[in-house]
Amino acid sequence: MLDLAPPEMIELAARCGYEKVGLRLLPATPGGIAYRLMDDAPLLRETLGRLQSTGVTVADLEVVAFRPETDVASFAPFFETGARLGAKHILVAAYDPDLARFSDRYRRFCEAAASHGMTSDLEFMPWTSVPDLTTAIRIVAKIDHPAAGILVDALHFDRSQSTLADLRTIPAERLHYWQLCDGPAERPATTEQLIHAAREERLFPGEGGIDLVGLTRAMPDNLTISIEVPTVQLAKTVDAETRARRALAVGRAVIERARAAS
């Protein structure tokens, strides 16, 4: 629901029956949509007010994209704002080809996040410097910080050809929340197609060909589940509330099927 600013998103979440929201304070790509609450005091105050009045809480903050020039010290306002929002997790992505350098900065980022009461969860994506689950497992294990976690996104899990067997090797304390969505069974043929599908045209849970029941059964059942279904074309004709209610209904149906199969 990136077309909605945080206060409106929170109100919508409450109306539809969501317990939590994820807020995008930093863009996923240069020039992308983001609501920089750390730089907008009035919007932050309004957002805090809506959280208090609705009882909705903040699950995670997006998107910290580590690049070669990333300076961990520059995130101080981001951490402070996250703490004020009561956020629990931060989504981290690696766009630094030097994994040793990334790992060092990621460790320092985890330390800062923990001091503000948040985890730092590394999302593996096929086109990034951490392209699959095995790479993410290796980095997080090497860092060995309590705040470091692995974020499993159903689409990236499938497109990176990661396995449930690998998933089951992750210590439970390294999994803090995960992202639910769907996509066609046939994987995109090019990186450009992968990125376009992931950022703009996902399918609602249970409406594609990914084994979401198997994935759900492999995940700890006490984690927050984030429904991440960007649908740029659909959003042109279907309003945010209709999309939000549909996502929640079909997401719950997938979870129920997984639990019934256990």
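Below or above, wherever it landed, is the structure these notes cover. (Residues numbered from 1 in each chain as written. Predicted model: local features only at pLDDT ≥ 70, side-chain atom pairs only at ≥ 80, totals over all residues. Heavy atoms only, no water.)

### As for the overall build of the protein
Link 1 in the chain: Helix and strand counts for the protein come out as ten helices and seven strands.
Link 2 in the chain: Taking 262 residues into account, the globule formula puts the C-alpha radius of gyration at 18 Å, and the protein, at 17 Å, falls close to it.
Link 3 in the chain: If you line up the protein on its principal axes, its C-alpha atoms span 45 × 40 × 35 Å.
Link 4 in the chain: Residues classed as buried in the protein amount to 48% of the 262 residues present.
Link 5 in the chain: For the protein, contacts bridging at least 24 residues in sequence account for 81% of all contacts bridging at least 6. (Helix = DSSP H or I, 4+ residues; strand = E, 2+ residues; numbered from the N terminus. Rg over C-alpha atoms; globule rule 2.2 N^0.38 Å. Buried < 20%, exposed > 50% of the residue type's maximum accessible area, 1.4 Å probe, protein only. Contact = heavy atoms within 4.5 Å.)

### Observations concerning the packing of helix 1 (residues 6-16) against helix 10 (residues 240-261)
Link 1 in the chain: Running from N to C, helix 1 and helix 10 cross one another at 50 degrees; their axes reach a closest spacing of 10 Å. Considered as vectors, helix 1 and helix 10 are oriented oblique to each other. For the pair helix 1 and helix 10, the crossing hand works out as right-handed. Contacts between helix 1 and helix 10 involve Leu-12, Arg-15 and Cys-16 from the former and Ala-240, Glu-241, Ala-244, Arg-245 and Leu-248 from the latter.
Link 2 in the chain: In terms of residue class, the contact of helix 1 with helix 10 is built from five nonpolar, no polar and three charged. (Axes fitted to C-alpha atoms, helices over the stretch in contact; angles between N-to-C directions. Parallel < 35°, antiparallel > 145°, perpendicular 65-115°, else oblique. Left-handed = near helix turned anticlockwise from the far one by under 90°. Nonpolar A, V, L, I, M, F, W, Y, C, P; charged D, E, K, R; others polar.)

### So, the sheet that holds strand 1 (residues 20-24)
Link 1 in the chain: Strand order in this open sheet of seven strands is 1-2-3-4-5-6-7, and the pairing throughout is parallel. Two strands lie at the open edges of the sheet, namely strand 1 and strand 7 (224-227), each paired on one side alone. Strand-to-strand, the axes of this sheet are offset by a mean angle of 30 degrees, without reference to chain direction.
Link 2 in the chain: Bridge count between strand 4 (residues 119-123) and strand 5 (residues 148-153): four bridges; the pairing is parallel. (Pairing = 2+ DSSP bridges.)

### Here we look at the side chain of Asp-182
Link 1 in the chain: Tracing the backbone through its elements, the reader meets Asp-182 in the loop between strand 6 (177-180) and helix 8 (191-200).
Link 2 in the chain: With no salt bridge to any partner, buried Asp-182 finds its closest opposite charge in Arg-257, at an N-O distance of 6.7 Å.
Link 3 in the chain: Of note is the side chain of Asp-182, whose polar atom sits 3.0 Å from the backbone nitrogen of Gly-206. (Lys, Arg positive; Asp, Glu negative; His and termini not counted. Salt bridge = Lys/Arg side-chain N within 4 Å of Asp/Glu carboxyl O. Polar contact = N/O pair within 3.5 Å; in protein donor to acceptor, adjacent residues only side chain to side chain.)

### Focus on the state of the cysteines
Disulfide: a covalent bond connecting the sulfur atoms of a pair of cysteines.
Link 1 in the chain: A complete count under the given rule lists zero disulfides for this structure.
Link 2 in the chain: The thiol of Cys-181 is unpaired, and the distance to the nearest cysteine sulfur, on Cys-16, comes to 19 Å. (Disulfide = S-S within 2.5 Å.)

### Some points on helix 1
Link 1 in the chain: For helix 1, the set of buried residues is Pro-6, Pro-7, Met-9, Ile-10, Leu-12, Ala-13 and Cys-16.
Link 2 in the chain: Where the residues of helix 1 are buried, they touch strand 1, helix 2 (41-54) and helix 10.
Link 3 in the chain: Of the residues flanking the end of helix 1, it is Gly-17, one or two places downstream, whose phi is positive at about 105 degrees.

### Here's the deal with the nonpolar core
Nonpolar side chains in soluble globular proteins tend to end up buried together.
Link 1 in the chain: One finds Phe-78, Tyr-106 and Val-152 to be the most contacted residues of the largest nonpolar core, which totals 77 residues.
Link 2 in the chain: Of all the elements, helix 10 adds the most residues to this core, at six residues. (Core = buried A, V, L, I, M, F, W, Y, C linked by side-chain atoms within 4.5 Å.)

### Observations regarding empty space enclosed by the protein
Link 1 in the chain: Per the counting criterion, the structure on display carries one cavity of 30 Å³ or more.
Link 2 in the chain: Lining the largest cavity are Leu-2, Leu-4, Pro-6, Met-9, Gly-22, Leu-23, Arg-24 and Tyr-35.
Link 3 in the chain: Listed by contribution, the elements that provide at least two residues to the lining of the largest cavity are helix 1 and strand 1.
Link 4 in the chain: Broken down by class, the residue content of the lining of the largest cavity amounts to six nonpolar, one polar and one charged. (1 Å grid on protein atoms, 1.4 Å probe; cavity = no way out; pocket = protein on both sides within 12 Å on 5 of 7 lines; lining within 4 Å. Points joined across faces, edges and corners; volume = space filled by probe spheres on them.)

### Some points on the layout of surface pockets
Link 1 in the chain: Its boundaries defined by the atoms lining it, the second largest pocket holds a volume of some 330 Å³.
Link 2 in the chain: Lining the second largest pocket are 19 residues, with Leu-26, Arg-36, Val-63, Ala-65 and Phe-75 positioned closest to its centre.
Link 3 in the chain: If you tally residues by element for the lining of the second largest pocket, the top one is strand 2 (residues 57-66), at three residues.
Link 4 in the chain: Tallied by class, residues from the lining of the second largest pocket come to eleven nonpolar, three polar and five charged.

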